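Observations on chain architecture
Below, each chain spelled out in residue letters.
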Amino acid sequence: MGDRLNRRQMLNTSMGAAAALGLVATGALTGARTAAAEPADAADSEALLTQFADAFSFTQRSPILHTPDEHGLDYEDVTFPARDGVPLEGWFIPARGSDKVIIANHPMGFSRSGLPSHLEPWRSLWAPSGNGFEVDLTPDLKILHDAGYNVLTYDLRNLGHSGAANGGVASSGIYEARDVVGSLDYVRARRDTRRMKIGLFSRCLGCSSTFAAMTQFPEAFAGVRCLVGPQPVTAKTILERRLAMIGLPDAIDRLEELIVLRTSIGFARRSPIDWAKNVNVPAFLYQVRGDVLTRPSDVQTMFDNIPVARKKLRWIEGTTARWDGYLEFQRRPEPMLAWFATHFA
């Protein structure tokens, strides 16, 4: 009875769809019965999977709550087209006298400024998995600027202030790859950056999208010096983890059916593990080893599949919070800055 009640409480909350995304990593739901336990649970489970599919397929936008001037940085609001014309919004932060530029993007559900998961409704969604604290990405811009880099950072499609596209569908990198290439096109077209050396700081969905872009548009990466990629993730892996946490470990096939009905894209097509085989620049990946929302083998397999000789994988220890991986650059930037410095030399 208690297990059914917990599920129904989730279904009845105003933010149930997002909560269904498996943001509960521990607690009563981890012991919930499977959908086959009894007839009443079958209906509850189907409703939960439906909400799961809705929330995964159409991502809620995060607001832009911070700007570079909070860190004393001059910046320019910019807009530029993705490779397919979708308008992307971003900031350009100049570094006087530098001939180097780093292009930064962001994780799924974030904006270029981060995610306010210390505030509602995001806190209620993320706190149960140990991620109920803010991720402000703007300090990263200060670190990069002070290290001598011009910085372009932007919102991926359907997120932040960038344009809606593809019916709002979140594609795990397939369509977002066009945004990555659009950012390269933009840097190469600006009068003040067209001859600059380029590096990429592509986070989570942004990294998976970069892998997808290297698969779809390999020629666009000619001359790119290197990639730093925090925490790329495979959709099927993270969803399997989340289903197991709410007591539906055998429901991944049904969930995929529901996602395909919404997006026309199954898990096999959403595969950064496969796209990693086409990475064509020196790559440095890092990941929280104990991240409760994924598995270490996911990033390890991506790393193993990267065919370039110059690559590095760094594990973040002592935490199970995925958000700590996004804040790692602010806390310990030296390894990443060394990677950029080596490949910009």
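Use the structure listed above.
All residue numbers refer to positions counted from 1 along the written sequence of the respective chain. Two thresholds apply to this predicted model, a pLDDT of at least 70 for residue-level local features and 80 or more for giving and counting side-chain atom pairs, whereas whole-chain, interface and lining totals are computed over all residues. Values shown for side chains rest on all heavy atoms present in the structure; no hydrogens or waters enter the calculation.

Attention now moves to the nonpolar core. We define a nonpolar core as any set of buried Ala, Val, Leu, Ile, Met, Phe, Trp, Tyr and Cys residues linked to one another through side-chain atoms lying within 4.5 Å. Burial classes follow relative accessibility: with a 1.4 Å probe on protein chains only, a residue under 20% of its type's maximum area counts as buried, one over 50% as exposed, and anything between as partly exposed. In terms of nonpolar packing, the biggest core is built from 51 residues, with Phe-211 and Phe-221 touching the most fellow members. Within the second largest apolar cluster, 32 residues are counted, among which are Phe-52, Ala-53, Trp-122 and Leu-243.

All right, on to the pairing of strand E6 (residues 150–154) then. For E6, a buried count of five out of five residues is recorded, marking the element as mostly surrounded by other parts of the structure. Side-chain alternation along E6 places Asn-150, Leu-152 and Tyr-154 on one buried face and Val-151 and Thr-153 on a second face that is also buried. Whether two strands pair comes down to DSSP finding at least two bridges between them. By definition, any uninterrupted DSSP run of H or I lasting at least four residues is a helix, any uninterrupted run of E lasting at least two residues is a strand, and each is numbered from the N terminus. As paired elements, strand E2 (residues 87–93) and E6 share four bridges and run antiparallel to each other. For Ile-93, the partnering residue across the bridge sits in E6 and is Val-151.

Before going further, it helps to spend a moment on the pairing of strand E10 (residues 311–316). Here six bridges tie strand E9 (residues 283–288) to E10, and the two strands are oriented parallel to one another. Paired with Gln-287 across the bridge in E10 is Trp-315. Orienting the strands away from the viewer, one traces the path from the first strand over the helix to the second; a clockwise path indicates a right-handed crossover. Each parallel crossover has a hand, and the one from E9 via helix H11 (residues 296–305) to E10 is right-handed.

Below, the discussion takes up the side chain of Ser-98. With respect to the helices and strands, the residue Ser-98 is situated in the loop between E2 and strand E3 (100–104). Of the residues examined, Ser-98 reaches a relative accessible area of 16% and is grouped as buried. Whenever a nitrogen or oxygen atom comes within 3.5 Å of another N or O atom, the pair is scored as a polar contact, on the condition that within protein one atom can donate a hydrogen and the other can accept it, and that pairs from neighbouring residues in sequence are kept only if both atoms are in side chains. Within the structure, the side chain of Ser-98 is placed 3.1 Å from the backbone nitrogen of Lys-100, a separation counted as a polar contact. From its side chain, Ser-98 meets the backbone oxygen of Gly-148 in a polar contact 2.6 Å long. Whether two residues touch is decided by their heavy atoms; if any such pair falls within 4.5 Å, the residues are in contact. Residues contacting Ser-98, with those up to four places away along its chain left out, are Gly-148, Tyr-149, Asn-150 and Met-196.

Let us now look at unusual backbone geometry. Most peptide bonds are trans, and most residues other than glycine sit at a negative phi. Following Glu-120, the chain continues to Pro-121 via a peptide bond in cis, the omega torsion being 5°. Among the secondary structure elements, Pro-121 is positioned in the loop between strand E4 (114–115) and helix H4 (122–126). Here the phi dihedral of Asn-158 falls at roughly 65°; this positive angle occurs in a residue that is not glycine. Even without being glycine, Ser-172 reaches a positive phi, approximately 65°. With respect to the secondary-structure elements, Ser-172 resides in the loop between E6 and helix H6 (177–189). What makes Ser-172 buried here is its relative accessible area of 14%.

For a helix, the expected span equals 1.5 Å multiplied by the residue count minus one. The end-to-end C-alpha distance of helix H7 (residues 205–216), which contains twelve residues, comes to 16 Å, matching closely the 16 Å that a straight helix rising 1.5 Å per residue would cover. For H7, the tally of buried residues reaches ten of twelve residues, placing the bulk of the element in the interior. Taken together, the buried positions of H7 are occupied by Leu-205, Gly-206, Cys-207, Ser-208, Ser-209, Thr-210, Phe-211, Ala-212, Ala-213 and Met-214. Packing partners of the buried residues in H7 comprise H6, strand E7 (197–201), strand E8 (224–230), helix H10 (272–275), E9 and H11.

So, about the packing of H6 against H7. Interaxial distance between H6 and H7 falls to 7 Å at its minimum, and their mutual angle equals 80°. Considering the angle they form, H6 stands roughly perpendicular to H7. In this structure, H6 uses Ala-177, Val-180 and Val-181 to contact H7, whose residues at the interface are Gly-206, Ser-209, Thr-210, Ala-212, Ala-213 and Gln-216. What counts as an axis is a line fitted to C-alpha atoms, over the stretch in contact for a helix, and the angles between N-to-C directions run from 0 to 180 degrees. The scheme is simple: roughly parallel for angles under 35 degrees, roughly antiparallel for over 145, roughly perpendicular for 65 to 115, oblique for anything else.

Once that is clear, we can look at the packing of aromatic side chains. Ring geometry is summarised as follows: Phe, Tyr and Trp rings, the Trp one being its six-membered ring, pair when their centres sit within 6.5 Å, and such pairs are stacked at plane angles under 30 degrees, edge-to-face over 60 and tilted between the two. Counted according to the given criterion, the structure contains 14 aromatic pairs. Measuring from ring centre to ring centre gives 5.6 Å for Trp-323 and Tyr-326, while their planes differ by 40°; the resulting arrangement is tilted. Within this pair, Trp-323 and its partner Tyr-326 are both found in helix H12 (residues 322–331), separated by three residues, close to a single helical turn. Owing to a relative accessible area of 2%, Trp-323 belongs among the buried residues under this scheme. Through pairs of rings, three or more aromatic residues link up here, namely Tyr-149, Phe-201, Phe-329, Phe-340 and Phe-344. Counting as a charge over the ring demands two things of the Lys NZ or Arg CZ atom: a distance within 6 Å of the ring centre and an angle within 35 degrees of the ring normal. Lying over the aromatic face of Trp-91, Arg-112 brings its terminal NZ or CZ to 4.7 Å of the ring centre. Directly above the aromatic system of Phe-92 lies the positively charged group of Arg-190, at a separation of 4.1 Å from the ring centroid.

Function-wise, these values are silent; they only describe arrangement.
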